[in-house]
Every structure is written in C-alpha cells, then in structure tokens.
Amino acid sequence: YELLVIGEPLVAAHAPSSANDESGYSRYLIASLPEVAGASRLMYVDADMIVSPTAPAFHELELGGRIGVVDEWAQPTSERRVEYQLAHGFEASPREYYALAGFDVVGDTMVNAGMFVCEPRRHGSWLAELARRHAPIGATHPRGPHYEQAAFGATLAEDDMAEFLPAHWNRIWPVHRWASLGTRSSSGPGPATADPRARFQALRLLRQTLEEPGFVHMTAGVDHDLAAILNPARSEPTPAAPHQAST
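Undergrad: Explain the pattern of salt bridges to me, using residue names and the numbers behind them.
TA: With the rule as written, the count across this model stands at 10 salt bridges. For Arg66, the salt bridge goes to Glu163, with nearest N and O atoms at 3.8 Å. Of the two residues, Arg66 is situated in the loop between β2 (49–51) and β3 (67–71) and Glu163 in strand β5 (residues 162–165); the sequence distance between them amounts to 97 residues. Accessibility expressed as a relative area gives 25% for Arg66, which makes it partly exposed. Given a relative accessible area of 23%, Glu163 falls into the partly exposed group. When the shortest N-O distance is used, the salt bridge between Arg122 and Glu119 registers 3.4 Å.

Rendered as structure tokens:
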C-alpha cells in the first residue's frame with residue numbers, strides 16, 4: 001500500500017462568510033489526482049478513524065464496479081439504531097435524514113461518508129462531478145456537513161453505485177457505545193459521563209472493539225473520555241530535565 005497525505009483542501013471555499021466547512025468535499029477529488037489516477041484501488045478514511053491492527057485488506061474486496069461503503073443505519077441493528085436516534089432527538093429514518101438535505105431517497109440505508117473504497121480509473125470523474133455539483137450548495141446549506149454526506153449517499157443510490165460492506169469497515173463509535181453501555185461519548189450529544197466506573201467500561205469496550213478486525217469511527221471528534229487509550233503518547237508529558245532536549 002501507498003499512504004497519501006493531503007495537506008491542503010482540494011476544494012476552494014465558495015462562500016468565505018459561511019460557517020460551513022467545505023473541505024470535506026476534498027475527499028471526492030482525491031481519486032482524480034494525477035498521482036492517484038492510475039491506482040487500481042483507493043481507500044479513503046476520515047482522520048477520526050482508528051484502524052485495528054488486524055484490519056482486512058481492502059484491495060481484496062469484490063466491489064462489482066461500484067464504490068464500497070457502509071450503511072450506518074444498520075448499526076448495531078436497524079431496530080437499535082432507531083432507538084438511538086429517538087433517544088437523542090435525531091431523525092427517525094434514513095428517508096427523513098436525506099429529506100432534511102433536500103433529497104428523496106427511498107430505502108432503509110444511510111451511507112456514512114467517512115470511509116469508501118473505489119477504483120480511481122473507474123470512479124475518479126464520477127466523484128469529482130459530485131464535488132463540483134454539491135460543494136457550492138453545501139457552502140450555505142443549513143445542514144452543513146450532513147448535506148455533503150447526504151449528497152454522497154443520494155447520488156450513490158441514484159446511480160446504483162453503492163456496494164455495501166459489512167459494518168466492521170466503518171463502526172460508528174457513539175452508536176456502539178450507547179447500544180452497549182447506554183452512555184454518551186463526549187463527541188456525541190450531551191455531556192460525557194464523569195463516572196469512573198462508566199469511563200472504565202467505555203475504555204474496556206473500545207479496547208475490545210479494536211481487537212476485532214476493522215475500523216472504529218469516532219465521528220465528529222475525539223471522545224475525550226478515551227483520549228488516553230486512543231493515543232497514550234499524548235497524555236501529560238514528563239518535564240524534561242535541564243540537560244535534556246525537548247522535542
């Protein structure tokens with residue numbers, strides 16, 4: 001594999017005064033970059049995705065000419081997802097989610113845009129066109145980043161371009177934490193629990209989840225309850241002695 005790090009947004013802001021961050025549309029332009037266009041496979045992952053050491057090989061996926069994505073509405077099950085949505089005051093169905101962004105998508109799936117697997121030679125122009133059409137609208141749309149994700153899912157559905165992968169390719173952490181423990185993460189709605197027992201349970205759940213093959217998606221920012229296990233090196237630093245150099 002070759003890791004490509006993009007340091008600058010590939011999408012120029014269409015509305016500088018808008019609070020919406022349009023950099024998310026850059027993900028749809030990566031497949032058409034000259035240094036990527038000849039690759040047989042490309043896997044995009046959000047920066048808040050934790051990759052398990054035993055994650056499966058994405059180049060071995062059978063995509064049938066489509067783009068590999070994960071249905072987040074089925075996590076952990078469709079029934080439990082509805083309970084999660086209602087408990088947090090969110091929309092009660094995928095169709096309602098898409099309708100809030102102005103799309104009429106019939107079905108019971110909701111694509112999460114934080115991970116997808118594509119073939120640059122086949123999908124590069126398709127993805128670039130998605131960004132070209134929807135970034136200007138998303139710049140001022142009241143749904144913000146949810147407009148971008150809805151546009152991706154709606155266009156996949158319209159063109160029959162989605163190849164749905166098992167949930168372990170993009171596990172949505174706040175949903176799994178809530179379903180397993182009944183507690184909210186600090187990146188989700190509501191305050192993070194300060195109960196040490198609940199915090200320990202969450203840490204243990206994340207460790208167990210990362211022992212399984214796949215990808216854990218923290219979504220919307222790091223869960224501060226779990227910062228120590230996510231990146232132990234970022235815990236409180238030990239002050240350097242006077243003769244030591246700090247780095």
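What follows continues from the structure just given.
Undergrad: Can you tell me about a nonpolar patch on the surface, naming the residues and giving the values?
TA: Taken together, Leu4, Ile6 and Leu10 make up a surface patch of nonpolar side chains, about 200 Å² in accessible area. Note on placement: Leu10 falls in the segment before β1 (42–45). On the basis of relative accessibility, which here comes to 32%, the residue Leu10 falls in the partly exposed class.

Undergrad: How would you explain unusual backbone geometry if you had to name every residue and give the values?
TA: Cis geometry is found at the peptide bond from Gln75 to Pro76, where omega equals -10°. Along the chain, the position of Pro76 falls in the loop between β3 and α1 (78–87).

Undergrad: Describe the sheet that holds strand β4 (residues 111–118), and please don't skip the residues or the numbers.
TA: The pairing of strands in a sheet comes from backbone hydrogen bonds and takes either a parallel or an antiparallel form. Pairing in this open sheet of four strands is mixed, and the strands run β1-β4-β3-β5 from one edge to the other. Where the open sheet ends on each side, the last strands, each with one partner, are β1 and β5. Averaged over all pairs of adjacent strands, the angle between their axes in this sheet comes to 35°, without regard to strand direction. When β1 meets β4, the two strands line up antiparallel, connected through four bridges. By the bridge assignment for β4, Met43 is matched with Val117. Across the sheet, helix α3 (residues 120–138) touches β1, β3 and β4, and the angle it forms with β4 is around 140°.

Undergrad: Break down the environment of Arg27 for me, citing the residues and quoting the values.
TA: Mapped onto the elements of the fold, Arg27 is located in the segment before β1. Judged by its relative accessible area of 11%, Arg27 falls in the buried class. With 89 residues separating them along the chain, Arg27 and Phe116 place their C-alpha atoms 9.6 Å apart. Excluding residues that lie within four positions of it along the chain, Arg27 makes contacts with Tyr44, Asp46, Ala113, Gly114, Phe116 and Glu148.

Undergrad: I'd like a rundown of the packing of α1 against helix α5 (residues 173–181), residues and numbers included.
TA: Across the interface, α1 lies against α5 with an axial gap of 10 Å and an inter-helix angle of 95°. Viewed along their axes, α1 and α5 adopt a mutual orientation that is roughly perpendicular. Residues Arg80, Arg81, Glu83, Tyr84 and Ala87 of α1 lie in contact with α5, whose contacting residues are Pro174, Val175, Trp178 and Ala179. Residues belonging to the contact of α1 with α5 are distributed by class as follows: six nonpolar, no polar and three charged.

Undergrad: How would you explain the packing of α3 against helix α4 (residues 145–158) if you had to name every residue and give the values?
TA: Between α3 and α4, the shortest axis-to-axis distance is 10 Å and the interhelical angle comes to 140°. By the angle between their axes, α3 is oblique relative to α4. The handedness of the crossing between α3 and α4 comes out as right-handed. Residues Trp126, Leu127, Leu130, His134, Ile137 and Gly138 of α3 lie in contact with α4, whose contacting residues are Tyr147, Ala151, Phe152, Thr155 and Leu156. Its residues assigned to classes, the contact of α3 with α4 shows eight nonpolar, three polar and no charged.

Undergrad: So what about the sheet that holds strand β7 (residues 215–217)? Which residues, and what values?
TA: Spatial ordering of the open sheet is given by β2-β7-β6, a layout of three strands whose pairing is mixed. Across the chains shown, the open sheet's two edge strands, defined by having one partner strand only, are β2 and β6 (171–172). Where β2 meets β7, three bridges bridge the pair, whose relative direction is antiparallel. Bridged to Met49 within β7 is His217.

Criteria and cut-off values
Residues numbered from 1 in each chain as written. Predicted model: local features only at pLDDT ≥ 70, side-chain atom pairs only at ≥ 80, totals over all residues. Heavy atoms only, no water. Salt bridge = Lys/Arg side-chain N within 4 Å of Asp/Glu carboxyl O. Helix = DSSP H or I, 4+ residues; strand = E, 2+ residues; numbered from the N terminus. Buried < 20%, exposed > 50% of the residue type's maximum accessible area, 1.4 Å probe, protein only. Patch = residues over 30% accessible without salt bridge, like charges linked within 9 Å, V, L, I, M, F, W, Y side chains within 5 Å. Areas by Shrake-Rupley, 256 points an atom, 1.4 Å probe, with all protein chains shown as cover. Pairing = 2+ DSSP bridges. Axes fitted to C-alpha atoms, helices over the stretch in contact; angles between N-to-C directions. Contact = heavy atoms within 4.5 Å. Parallel < 35°, antiparallel > 145°, perpendicular 65-115°, else oblique. Nonpolar A, V, L, I, M, F, W, Y, C, P; charged D, E, K, R; others polar. Left-handed = near helix turned anticlockwise from the far one by under 90°.

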